[in-house]
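# Breakdown of the fold
Here is how the chains run, residue by residue.
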Amino acid sequence: MSEALVQHIKDLAKKYSAEFIAVRHHLHAHPELSYKEFETSAFIQQKLKEFGIPFEIKATTGVIGLIKGKNPTKRVIALRADMDALPITEENNVDYKSTNNGIMHACGHDVHSSCLLGAAKILNELKDEWEGTVKLIFQPGEEKNPGGASILIKEGVLENPAPQAIFALHVHPTLEVGKLSFRSGMVMASADELYFTIKGKGGHAAAPQATADTILIAANLIVSLQQIVSRNNNPFNPSVLSITSVQGGYTTNVIPSEVKLMGTFRAMNEEWRFKAHELITTIAKDVVHSMGGEIDIKIDVGYPFVLNDKPLTDAARKKAQDYMGLTHVEETELRMGAEDFAYYTHKIPGCFFRLGAGNKAKGITSGVHTPTFNIDENAIEIGMGMMAFLGADITI
């Protein structure tokens, strides 16, 4: 069955590729921030209506579709795409450039949604050729805590019917178009947000002895925080702590009474993750108090690490080789980035894989979360076809 199904899916992916490149252009030109994807959600709903696919709404803007093949209770597979954009001003000079000032699909979620819509059309057209049910998850809020995945799970997205497995793809600009990559086990890190407010007696910069110098305290705190990973964590256990924002002071001759720091903490081990939270809190208080200041600390616990189920990922890799050819499937590198797809993978077997979207020859090399990010749009035909194939033919 697989050989014939592969060809049918490839034929339809090629046939409909221009249609879903146009869908991507529409989504790219109308980006919306996390949990505010109202027009995006309405557009996706309209497309599913056109395809004759029933759906329901969860988490305000999430769209959950259902396609039943033959013997619909035999297997249930979930396919997920995220929908939200980022607060970035686009610098690309393209005719589908963002029309929403200061908002851009700089992480490729427009591509993900387009690929899933394409896969949905293919699966629905071929539903007499495959067995089981495919649940389509168009998810809000991947870019912002608490993560749309966690909200959808609380609202029952993994129930009625309950998927036995879930897949998602993500565009990868450093992987050339025409390739896919997979990795079993841990593939991305947990991500927690760090917020520090240092307070002290401000005053004249010419009389520092009469103040609690919050700028100097902040500098010492940043240095001390960097030593938490380097001197408390096993070097073979990937972990990152970065302070990414320092806000304090407004002129040359005043020591401010408050300085704010923000940052991120990433880990791939849950025991170490929460031990580090304790160290961060203890060391921050000790450093600041020893220098005469006070501190408010908030650690916003974010997404866990992404865990790709080995049997499922091995099976998906084999399907990708069948679909693309052996030389077009690679190993995904371990990354310290984070993804709220992790929440699904801690509930049911999941596989998060990479879709090659770069093209060095065409100068398409900008990374995600940059104002010049773009893709080689030939990736859409591959992405929609591969998602359809996994939904229709993966064996659990």
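The structure under discussion appears in the preceding block.
Residues numbered from 1 in each chain as written. Predicted model: local features only at pLDDT ≥ 70, side-chain atom pairs only at ≥ 80, totals over all residues. Heavy atoms only, no water.

### Things to note about the overall build of the protein chain
In plain terms, the rule: Only runs of H or I of at least four residues qualify as helices and only runs of E of at least two qualify as strands under DSSP, and these elements are numbered from the N terminus. In this treatment the radius of gyration is a C-alpha quantity, and the globule benchmark scales as 2.2 Å times the residue count to the 0.38 power. Note on exposure labels: buried denotes an accessible area under 20% of the residue type's maximum, exposed denotes more than 50%, and partly exposed covers the range between, all computed with a 1.4 Å probe on protein chains only. Residues count as neighbours in contact if any of their non-hydrogen atoms are within 4.5 Å of one another. To be clear on the numbers: accessible area is Shrake-Rupley with a 1.4 Å probe, and residue cover counts the displayed protein chains and nothing else. Charged residues are defined here as Lys and Arg on the positive side and Asp and Glu on the negative side; His and the ends of the chain fall outside this count. One atom stands in for each charge, and that atom is NZ of Lys, CZ of Arg, CG of Asp or CD of Glu.
What the protein chain contains, in helices and strands, is 9 helices and 16 strands. For the protein chain, the C-alpha radius of gyration of 23 Å lies close to 21 Å, the compact-globule estimate for 396 residues. Taking the principal axes of its C-alpha atoms as reference, the protein chain extends roughly 80 × 45 × 40 Å. A total of 396 residues make up the protein chain; the buried ones form 54% of that total. For the protein chain, the share of sequence-separated contacts (at least 6 apart) that also reach a separation of at least 24 residues comes to 81%. Surface accessibility of the protein chain: about 16,600 Å² in total, with carbon and sulfur atoms responsible for 52%. In the protein chain, 39 positive and 46 negative side-chain charges are present, and the distance between their average locations comes to 2 Å.

### What to know about the packing of aromatic side chains
Heads up, the condition is: Paired rings are identified among Phe, Tyr and Trp, the last through its six-membered ring, by centres lying within 6.5 Å, and are further divided according to the angle between planes into stacked (under 30 degrees), edge-to-face (over 60) and tilted (the rest). Only Lys NZ and Arg CZ are tested; either one counts as a charge over a ring when it is within 6 Å of the ring centre and within 35 degrees of the ring normal.
Applying the stated criterion to the full structure yields 7 aromatic pairs. Taken together, the ring pairs connect Phe-341, Tyr-344 and Phe-352 into an aromatic cluster. Against the face of Tyr-323 rests Lys-10, its NZ or CZ located 5.3 Å from the ring centre. For Lys-121, the ring lying beneath its charged end belongs to Tyr-16, and the centroid distance is 4.2 Å.

### Observations regarding the side chain of Asp-192
Test applied: In protein, a polar contact means a hydrogen-donor-capable atom and an acceptor-capable atom, both N or O and within 3.5 Å, with residues adjacent in sequence counting only if both atoms are side-chain atoms; elsewhere, any N or O pair within 3.5 Å suffices.
Relative to the helices and strands, Asp-192 is located in strand β8 (residues 190-199). A distance of 2.6 Å separates a polar atom in the side chain of Asp-192 from a polar atom in the side chain of Arg-273. Within the structure, Asp-192 has its side chain in polar contact with the backbone nitrogen of Gly-302 (distance 2.9 Å). Residue contacts for Asp-192: discarding those within four places in its chain leaves Gly-263, Thr-264, Phe-265, Arg-273, His-277, Ile-299, Asp-300, Val-301 and Gly-302.

All we've got here are geometric facts, nothing functional implied.
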